[in-house]
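# Examination of the molecular architecture
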Amino acid sequence: MNEILTKAPQGHIEVRNFSLSYDSIEGPVQAVTDTQIHVKPGEFVSIVGPSGCGKSTLLNAVAGFLKPTTGVVTVDGERVNGPSSERGMVFQQYSLFPWKTVRENVEFGLKMRGMARSQRERAARTLLGLAGLEAFEKHYPDKLSGGMKQRVGIVRALATGPKVLLLDEPFGALDAQTRVIMQQILTNMWQRLKISVLFVTHDIDEAIFLSDRVYCMTARPGSIKAEIPIPLERPRQQAMMMSSEFLALRRGLMSLIREESIKAMGGEITDLGMQGLNIELHGHSLADVI
Amino acid sequence: MAVATTETEPASDAAPPAKPTSFGTLALRWYKLNRNGLRATAIGIISLLVFLLVWHLLTTYRVVFFVRFTNVPSPLAVYASFTKAIHDPKFLMHILLSCRRILVGFSLAAIVGVPLGLVMGRFKLVHEIIFPVAEVLRPIPAIAWVPMAIMLWPTNEQSIVFITFLGSFFPILVNTLHGMSLVDPVLVRAAQCLGARERSIFREVYFPASLPHIFTGLTVGMGVAWVSLIAAEMISGQYGIGYFTWEAYSLVQYPDIALGMIAIGVLGLGSSLLIRGAGQLVMPWRLK
């Protein structure tokens, strides 16, 4: 634990000239093209974009599950060649091992590292305590709520003391209230551990509330459309989401994404269609209503 | 529930509810909680009794209506031959021998089938080599192997065990393969980014993830093992409960036919219960 807490800031993610395509019967399909992103040590960075824009593809490449077609992914200057416990990952589907208890799930990474049983049990208990899950250490994941499962998922990814934490729409399956609490928990853990975070989401509020910086991606083939620094003070409170600063950021990101979403839908919604919406909304523009 | 049973003797339903949790309320609560289970048990017992009654009536009145119950032994006659048989060392030997054949044949099938299925599920090449052969041999019923088995194996005993093995082998193999094909790839990825290597992933993810299907295979395999064993014993055996049943027919010991059949049923039921119990021991996370 102490080792994790006092580690010098590291975990500099760099993605350069990145593109990724896969083969299909009609020839190669570009999923992501010409993309540069970086995450500084200890920074919290989100990627947002319309669905299918390749944001998860990008994250999976950083995790080492996918090989870039061109370009490189490095963490602290070292090229990523495959999955490793240096890059912890949290999945939307929780992906806890159903046959392991909560504590055994958290211990897994340490076990793979060859840590002695008593030692890793102690480490897992400490971490579960931080997440308020010590009472559930002997439970099987099946018995837990979605929010609890995802807390275990985060704790499990952090147990090995990774340099970076990658999260792929981790709260997408949770209800709104649980999601807010989970965001708070994640922020707390991130600040405590001084770890770099790369966070993929389609929820703009979530991205702004959590991040130091947000990348907005274009529709497929995905690339970075904009990079938006989030200068909001920390610690951030829920009430901040009503501040004019927050709302301005939100409006900006919203319009960026809307353009891309319309593109992604292949022009199904035309400008005319949007005007039609305006009329039905009795003179309010769509942006005002949202 | 423990309290409810200890209070059963002194209290009665008519007792006034003096304490807040009197026997009456406890009994009522216990009843409400277990209503469905009790109902199923009660109906199950009644249905078995009705079965026995119908059997008794059909045989006592020697009903002939498409099927002939003229020579079918009555339940009482079967019970009488049962009381005689349990003191007969020969009958016990028949049962023990059948059990031993099942144990050896089925265990071998599990020892070969499960690892083979796991390896085939993991390594494409092994799958591509073995699967076609397995698919060709699989539809052949174990009973059709009897002549071949007699040629292959030097002793009768070995050929019967071989038939039992074959019967349970394919269900075990196929279900293990099926379990491997359903392993959630996200769990594999989760293990990978926690630092797991190939061997650990196999042991910690693929194997436990396949266990429910492996146990389905073992349960089905056990059923088929009994089917194959009984058929083999009837054809080529000298001992065993299948042979006992067939011999009873040859010797016109009609009650013994039914006794043999019931013994087979009970043994089959017992062995599948054993497997279910083992499954619950091995997969505690599946307990509801």
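Residues numbered from 1 in each chain as written. Chains lettered and ligands numbered in written order. Predicted model: local features only at pLDDT ≥ 70, side-chain atom pairs only at ≥ 80, totals over all residues.

It is worth spelling out the packing of helix 5 (residues 89–122) of chain B against helix 8 (residues 156–181) of chain B at this point. All names here are of chain B. For the pair helix 5 and helix 8, interaxial distance at closest approach is 7 Å and the crossing angle is 30°. Accordingly, the angle class assigned to the pair helix 5 and helix 8 is roughly parallel. When you trace helix 5 past helix 8, the crossing you get is right-handed. Taken together, the residues that form the contact of helix 5 with helix 8 break down as 19 nonpolar, 8 polar and 2 charged. (Axes fitted to C-alpha atoms, helices over the stretch in contact; angles between N-to-C directions. Helix = DSSP H or I, 4+ residues; strand = E, 2+ residues; numbered from the N terminus. Parallel < 35°, antiparallel > 145°, perpendicular 65-115°, else oblique. Left-handed = near helix turned anticlockwise from the far one by under 90°. Nonpolar A, V, L, I, M, F, W, Y, C, P; charged D, E, K, R; others polar.)

This part takes up the sheet that holds strand 5 (residues 78–79) of chain A. All names here are of chain A. Spatial strand order, 2-1-4-5: 4 strands in an open sheet with antiparallel pairing. The sheet is open, and its two borders are formed by strand 2 (27–39) and strand 5, each paired with just one other strand. As paired strands, strand 1 (residues 13–24) and strand 4 (residues 70–75) are joined by 5 bridges and run antiparallel to one another. The residue bridging Val15 from the neighbouring strand is Val73, located in strand 4. Contacts from helix 2 (residues 55–63) reach strand 1, strand 2 and strand 4 within the one sheet, and its direction differs from that of strand 1 by about 115°. (Pairing = 2+ DSSP bridges. Contact = placed C-beta atoms within 7 Å.)

Turning to the pairing of strand 9 (residues 213–217) of chain A, a few remarks are in order. All names here are of chain A. Burial within strand 9 is extensive, with 4 of its 5 residues counted as buried. When strand 3 (residues 44–48) meets strand 9, the two strands line up parallel, connected through 4 bridges. Paired with Ser46 across the strands is Val214, a residue of strand 9. Pairing of strand 9 with strand 10 (residues 224–229) involves 5 bridges; the strand directions are antiparallel. Bridge pairing links Tyr215 to Glu227 in strand 10. (Buried ≥ 20, exposed ≤ 12 C-beta atoms within 10 Å, placed from the backbone.)

Turning to the interface of chain B and chain A, a few remarks are in order. Counting from both sides, the interface comprises 12 residues of chain B and, opposite them, 21 residues of chain A. Contributions of two or more residues to the side of chain B that touches chain A are made by helix 9 (185–192) and helix 10 (198–236) of chain B. Ranked by residue count, the leading element in the side of chain B that touches chain A is helix 9 of chain B, at 5 residues. Across the side of chain B that touches chain A, the residue classes break down as 8 nonpolar, 3 polar and 1 charged.

All names here are of chain B. Given a rise of 1.5 Å per residue, 26 residues ought to cover 38 Å, and the 37 Å separating the end C-alpha atoms of helix 3 (residues 35–60) matches this to within 8%. Across the 26 residues of helix 3, 1 count as buried, placing the element largely on the outside. Residue Arg62 follows helix 3 closely and has a positive phi angle near 45°. (Expected span 1.5 Å × (residues − 1).)

Another point: helix 4 (residues 117–130) of chain A. All names here are of chain A. With 14 residues, helix 4 should cover 20 Å at 1.5 Å per step; its first-to-last C-alpha distance of 20 Å lies within 8% of that length. What helix 4 keeps buried is the set Arg120, Ala123, Ala124, Leu127 and Leu128. Buried residues of helix 4, seen end-on, are gathered within an arc of 130° and therefore sit on one face of the element. Across helix 4 from its buried face, at more than 90 degrees, point the exposed residues Ser118 and Gln119. Its buried side turned inward, helix 4 meets helix 3 (102–112) and helix 5 (146–158). Looking at the residues trailing helix 4, positive phi occurs at Gly132, about 70°. (Arc of directions from axis to C-beta.)

Residues and elements named next belong to chain A. With respect to topology, 6 strands assemble into an open sheet ordered 6-7-8-3-9-10, the strand pairing being mixed. What marks the edges here is a single partner per strand, and that holds for strand 6 (87–90) and strand 10. Averaged over all neighbouring strand pairs, the angle between strand axes comes to 15°, with direction disregarded. In terms of strand pairing, strand 7 (residues 164–168) meets strand 8 (residues 196–200) through 5 bridges, oriented parallel. Across the sheet, residue Leu166 finds its bridge partner in strand 8, namely Leu198. In the packing of helix 5 onto the sheet, contacts are made with strand 6 and strand 7, and the angle to strand 6 comes to roughly 170°.

Attention shifts here to unusual backbone geometry. Residue and element names in this part refer to chain A. Going from Arg220 to Pro221, the amide bond is cis rather than trans, its omega being -5°. Locating Pro221 in the fold gives a position in the loop between strand 9 and strand 10. Residue Pro235 follows Arg234 across a cis peptide bond; omega there is -5°. Relative to the elements of secondary structure, Pro235 occurs in the loop between strand 10 and helix 8 (244–264). At Asp76, a residue that is not glycine, the phi angle is positive and equals roughly 55°. Residue Asp76 is classed as partly exposed on the basis of its C-beta count, with 14 C-beta atoms lying within 10 Å. Its identity as a non-glycine residue notwithstanding, Tyr94 has a phi of 65°, on the positive side. Since 22 C-beta atoms lie within 10 Å of it, Tyr94 is described here as buried.

To continue, consider the nonpolar core. If you look at the biggest cluster of nonpolar residues, it comprises 79 residues, and the most contacted ones within it are Val62, Leu166, Val197, Leu198 and Leu253 of chain A. No other element matches the 6 residues that helix 5 of chain A contributes to this core. Setting aside residues no more than four positions away along its own chain, Val62 of chain A makes contact with Ile13, Val15, Val73, Val80, Arg87, Leu166 and Leu198 of chain A. Counting residues in hydrophobic clusters, the runner-up holds 49 residues, among them Trp145, Ala149, Leu218 and Ala258 of chain B. (Core = buried A, V, L, I, M, F, W, Y, C linked by C-beta atoms within 7 Å.)

In short, shape yes, function no, at least from these values alone.
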